[in-house]
Number of protein chains: 2
Amino acid sequence: MIRKQSDYRIDERPEMRSGNGTVRIEHLFEPGTELKAPTRLCAKLYLEPGVSIGFHRHENEEEIFVIVKGQGEIDDNGTSRQVAAGDSVLTGNGAGHAVKNTGSETLEILAVISKYAE
Amino acid sequence: MIRKQSDYRIDERPEMRSGNGTVRIEHLFEPGTELKAPTRLCAKLYLEPGVSIGFHRHENEEEIFVIVKGQGEIDDNGTSRQVAAGDSVLTGNGAGHAVKNTGSETLEILAVISKYAE
């Protein structure tokens, strides 16, 4: 199944996880119907400069962030670090993360959340 | 866990799935050790112009391709279609796919393979 970027389902999330501003989300494929694996989210996130997603934990699942464009600051379970296009972040097993666009261009992140086997 | 692009494990795969040329693979995180979910591959694929990955099927798992840069032709279970940066492809449940870089710049693809629950 091929999905063109113009056909993604769009979500706008203000103050996501108590963060600042509004995160734009493009859902690439839909969990449960299109995705048969235990994948809870497969999406591209767009954060304009200054926009953030607040700190939150992932229990019994893990999230992969791949920074596609821009730069930002990741709180990686309590430790802050700068990331830029090409870098990636793995958060799971009860750990938490937060992200903020600290650059001057849009921060684009590919996000995949996979649930652990029961 | 944050991984900088310069720290990815690199793989070079000549004639991948009987395709042409050599595919460069950056492994973002390692299945089974770093990744606890049933994810079999989390990688960025680089195909130079003319390079391809031959047709192959995914049984009891699914693969998500996100085209990060460039353009190419996808054989989506028997139907060929052009894709470009921003588009995505889902292949699973016994279906197959192939990909070829038909453009003039490097084709970059984010690939995640997730196994179905048993």
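Residues numbered from 1 in each chain as written. Chains lettered and ligands numbered in written order. Predicted model: local features only at pLDDT ≥ 70, side-chain atom pairs only at ≥ 80, totals over all residues. Heavy atoms only, no water.

**Q** I tried to follow the relation of the copies chain B and chain A on my own but got confused; where do I start?
**A** What relates the two chain copies is a rotation about an axis together with a slide along it. Under the fitted operation, chain B is carried onto chain A by 0.0 Å of movement along the axis and a turn of 180°, and the coordinates agree to an RMSD of 0.0 Å. Each copy turns onto its partner about a two-fold axis. Interface overlap between copies: 100% of the residues of chain B at the interface are likewise at the interface in chain A, consistent with a symmetric, same-surface contact. (Least-squares fit on C-alpha atoms with pLDDT ≥ 70 in both. Contact = heavy atoms within 4.5 Å.)

**Q** What exactly am I supposed to notice about unusual backbone geometry here?
**A** Note: most peptide bonds trans; most residues except glycine with negative phi. All names here are of chain A. Unusually for a residue other than glycine, Arg17 sits at a positive phi of about 50°. Positionally, Arg17 belongs in the loop between strand E2 (9–14) and strand E3 (22–27). For Arg17, a relative accessible area of 39% corresponds to the partly exposed category. Even without a glycine there, the phi angle at Asn77 is positive, about 55°. By the secondary structure assignment, Asn77 is in the loop between strand E7 (71–76) and strand E8 (79–84). (Helix = DSSP H or I, 4+ residues; strand = E, 2+ residues; numbered from the N terminus. Buried < 20%, exposed > 50% of the residue type's maximum accessible area, 1.4 Å probe, protein only.)

**Q** Teacher, can you tell me more about the interface of chain B and chain A here?
**A** Many structure descriptions define interface size as the accessible area lost when the parts assemble. Listed per partner, the contact involves 37 residues of chain B and 37 residues of chain A. For the pair chain B and chain A, the summed buried area comes to about 3100 Å², and 59% of that belongs to carbon and sulfur atoms. Interface area lost by chain B to chain A is led by Ile2, Ser88 and Leu90 of chain B, which between them contribute 20%. The interface formed by chain B and chain A includes two salt bridges. (Buried area = accessible area lost by both parts, 1.4 Å probe. Salt bridge = Lys/Arg side-chain N within 4 Å of Asp/Glu carboxyl O.)

**Q** I tried to follow the pairing of strand E10 (residues 96–101) of chain A on my own but got confused; where do I start?
**A** Moving residue by residue along a regular strand, the side chains alternate between the two faces of the sheet. Residues and elements named next belong to chain A. The element E10 is extensively covered by neighbouring structure, given that five of its six residues are classed as buried. Pairing geometry for strand E5 (residues 52–57) and E10, over four bridges, is antiparallel. Bridged to Arg57 within E10 is Gly96. Relative to E10, E7 runs antiparallel, the two being bridged by five bridges. Following the sheet pairing, Glu73 is matched in E10 by Lys100. (Pairing = 2+ DSSP bridges.)

**Q** Got a minute to help me understand the sheet that holds strand E11 (residues 107–115) of chain B in this structure?
**A** The strands making up a sheet are joined through hydrogen bonds of the backbone, oriented either antiparallel or parallel. Judged by pairing direction, the sheet is antiparallel, and its seven strands sit side by side in the order E1(A)-E9(B)-E6(B)-E11(B)-E4(B)-E3(B)-E2(B) without closing on themselves. Only two strands of the sheet have a single partner each, and these edge strands are strand E1 (2–3) of chain A together with strand E2 (9–14) of chain B. Pairing between strand E6 (residues 61–69) of chain B and strand E9 (residues 88–92) of chain B: five bridges, direction antiparallel. Of the residues in E9 of chain B, the one forming a bridge with Phe65 of chain B is Val89 of chain B.

**Q** Please clarify how the confidence of the model for chain A should be interpreted in this entry.
**A** Close reading of the predicted structure is inappropriate where its pLDDT is low. For chain A, per-residue confidence averages 97 on the pLDDT scale, and residues scoring 70 or more make up 100% of the total. Scored as a complex, the prediction yields pTM 0.96 and ipTM 0.95. (pLDDT = per-residue confidence, 0-100.)

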